[in-house]
Amino acid sequence: MASVTYDHVFKRFGDFIAVNDLNIHIEDKEFLVLVGPSGCGKTTALRCLAGLEEISDGRVLIGDTVVNDVPPKDRDIAMVFQSYALYPHMTVFDNMAFGLKLRKVPREEIKRRVEEAAQILGIEKLLKRKPRELSGGQRQRVAVGRAIVREPKVFLFDEPLSNLDAKLRVQTRAEISKLHQRLQTTFIYVTHDQVEAMTMASRIAVMNKGVLQQLDTPQHLYDSPANQFVAGFIGSPSMNFFSARLRKDGNKLFVDAGAFSVQIPEDRVGPYMPFVDKQVVFGIRPEDIYNPQFLPPGIHAAQIEARVEVTELMGNEIFLYLVAGDHNFVARVDPRTRFAIGDKVALTFNMDKFHIFDSASNPENPPAIR
């Protein structure tokens, strides 16, 4: 078992910086998820840890050992790739045992490790089959089993569920979470799917353009995003953003988005007063926009008007795609709502759950105002 540290790690490909001054300390037995859009540097960061990419600057440590110059085979890690990479001519048993045989592990020890891993993953009845006789989910379990038998200090997962269908992804991510609890080993997991990140991680590292944007627990990322990129990436559907200006009227402070104006609760105006008459980005999540008929009690409510463009009935909720002036946004409302396409409707913002970002200081990725 071991901690992992990225200490000012850079990875350059010519003039392109794929990983830019990455600093993360991952505790022993932690489940850390690296998440971000395609090309953000998350897989490159994982490959630098695995030794599959040589870092340009900085240090990578496993435990207290700097592993920059340690060959991949000696780093005591095991990696599960997006591709199952199983040998088609070998049985499941032989695929799982292959790495141990290369290391000349005794035959009885190989048998013990493979059978134990197969039992953990529920594939003990598949050990005599060939990969072509397995479903996608079963092949993925074999690939995970091949990593488990190594008994490594650190497990690395590079988008292992992306080849599975939606139902199987949900099932398999639950199995990986249970596996982490059972093995009590450090897991580092790469995905572009923020739902996977939110449901599996003890902490999430959000990356964009090679730069770490925020490192925090799933709930804190959701509740207190550091900037507009994190706010838009975490949550599904993603947060709504409105270009706006902060306007003071007497002792009251308003967010003026042109098509609508909403009051900031008096107990929350403090951090925003220095930004009066300045351009900002106002953010609110779809789940914090309500049909006024089904408003929860005890919230600071602000009502606006919008036109319904599209409705999506999901069974337990309805997604409304709306327009207010030049603004397009999404609301996630009670399934009893009976709005129709083209209706001009009243909606209520929960002003206990809004976010404001300082677009003046960084127009590309405004930081949150706290």
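Scroll up for the structure.
Residues numbered from 1 in each chain as written. Predicted model: local features only at pLDDT ≥ 70, side-chain atom pairs only at ≥ 80, totals over all residues. Heavy atoms only, no water.

## Here's the deal with the overall build of the protein chain
When its secondary structure is counted, the protein chain shows eight helices and 20 strands. C-alpha extents for the protein chain along the principal axes are approximately 80 × 45 × 35 Å. Of the contacts formed within the protein chain by residues at least 6 apart in sequence, a portion of 66% connects residues at least 24 apart. For the protein chain, the accessible area works out to roughly 17600 Å², and carbon and sulfur atoms hold 48% of it. With 46 positive and 46 negative side-chain charges, the protein chain shows a spacing of 7 Å between the two charge centroids. (Helix = DSSP H or I, 4+ residues; strand = E, 2+ residues; numbered from the N terminus. Contact = heavy atoms within 4.5 Å. Areas by Shrake-Rupley, 256 points an atom, 1.4 Å probe, with all protein chains shown as cover. Lys, Arg positive; Asp, Glu negative; His and termini not counted. Charge placed at Lys NZ, Arg CZ, Asp CG, Glu CD.)

## Some remarks on the pairing of strand 3 (residues 31-35)
Across the five residues that make up strand 3, a large majority, five, are buried. The side-chain alternation of strand 3 yields two buried faces, one formed by F31, V33 and V35 and the other by L32 and L34. By the bridge criterion, five bridges tie strand 3 to strand 8 (residues 186-191) in an arrangement that is parallel. Bridge pairing links V35 to T191 in strand 8. Sheet analysis places strand 3 next to strand 9 (residues 203-208), joined by four bridges and oriented parallel. When the sheet's bridge partners are listed, V35 is paired in strand 9 with V206. (Buried < 20%, exposed > 50% of the residue type's maximum accessible area, 1.4 Å probe, protein only. Pairing = 2+ DSSP bridges.)

## A look at the nonpolar core
With 46 residues, the main nonpolar core has M96, Y189 and V206 as its most contacted residues. Beyond its immediate sequence surroundings of up to four residues, V206 is in contact with V35, V211, L212, Q213, Q214, L221, F229, V230 and I234. The next biggest cluster of nonpolar side chains, apart from the first, holds 35 residues, and it includes L253, V280, V308 and L322. (Core = buried A, V, L, I, M, F, W, Y, C linked by side-chain atoms within 4.5 Å.)

## Notes on the packing of aromatic side chains
Considering all chains together, one arrives at 18 aromatic pairs under this definition. Ring centres of F31 and F187 lie 5.4 Å apart, and the angle between their planes is 50°; this geometry places the pair in the tilted category. Residue F31 is found in strand 3, and its partner F187 is found in strand 8; the two are separated by 156 residues along the sequence. The class of F31 is buried, set by a relative accessible area of 2%. (Phe/Tyr/Trp six-rings, centres within 6.5 Å; stacked < 30°, edge-to-face > 60°.)

## As for the environment of R141
You can see R141 is positioned in helix 4 (residues 136-148). For R141 and I120, which are 21 residues apart along the polypeptide, the C-alpha to C-alpha distance reads 9.9 Å. In this view, R141 contacts L121, I123, Q171 and E175; residues no more than four positions away in its chain are not counted.

## Description of the environment of I318
Mapped onto the elements of the fold, I318 is located in strand 17 (residues 318-324). Since its relative accessible area comes to 8%, I318 is described here as buried. In sequence terms I318 and P335 are 17 residues apart; their C-alpha atoms lie 5.4 Å from each other. Among residues more than four places away in sequence, those in contact with I318 are E312, L313, A331, R332, V333, D334, P335 and T337.

## Quick word on the sheet that holds strand 13 (residues 261-263)
Pairing within the open sheet is antiparallel, and its five strands lie in the order 13-12-11-14-20. The open sheet has two edge strands with one neighbour each: strand 13 and strand 20 (355-357). On average, each strand axis in the sheet is tilted by 40° relative to the strand beside it, whichever way the strands run. (Axes fitted to C-alpha atoms, helices over the stretch in contact; angles between N-to-C directions.)

## Some remarks on unusual backbone geometry
The omega torsion of the bond from S236 to P237 falls at -5°, within 30 degrees of zero and hence cis. Within the secondary structure, P237 sits in the loop between helix 8 (228-233) and strand 11 (240-249). Even without glycine at this site, D277 takes up a positive phi of about 70°. Following the sequence through the fold, D277 ends up in the loop between strand 13 and strand 14 (279-284).

## Some words on the state of the cysteines
Scanning the model with the defined rule gives zero disulfides in all. As a non-bridged cysteine, C40 has C48 as the owner of its nearest cysteine sulfur, 13 Å distant. On the basis of relative accessible area, C40 is assigned to the buried category, the value being 2%. Its relative accessible area of 2% is what places C48 among the buried residues. (Disulfide = S-S within 2.5 Å.)

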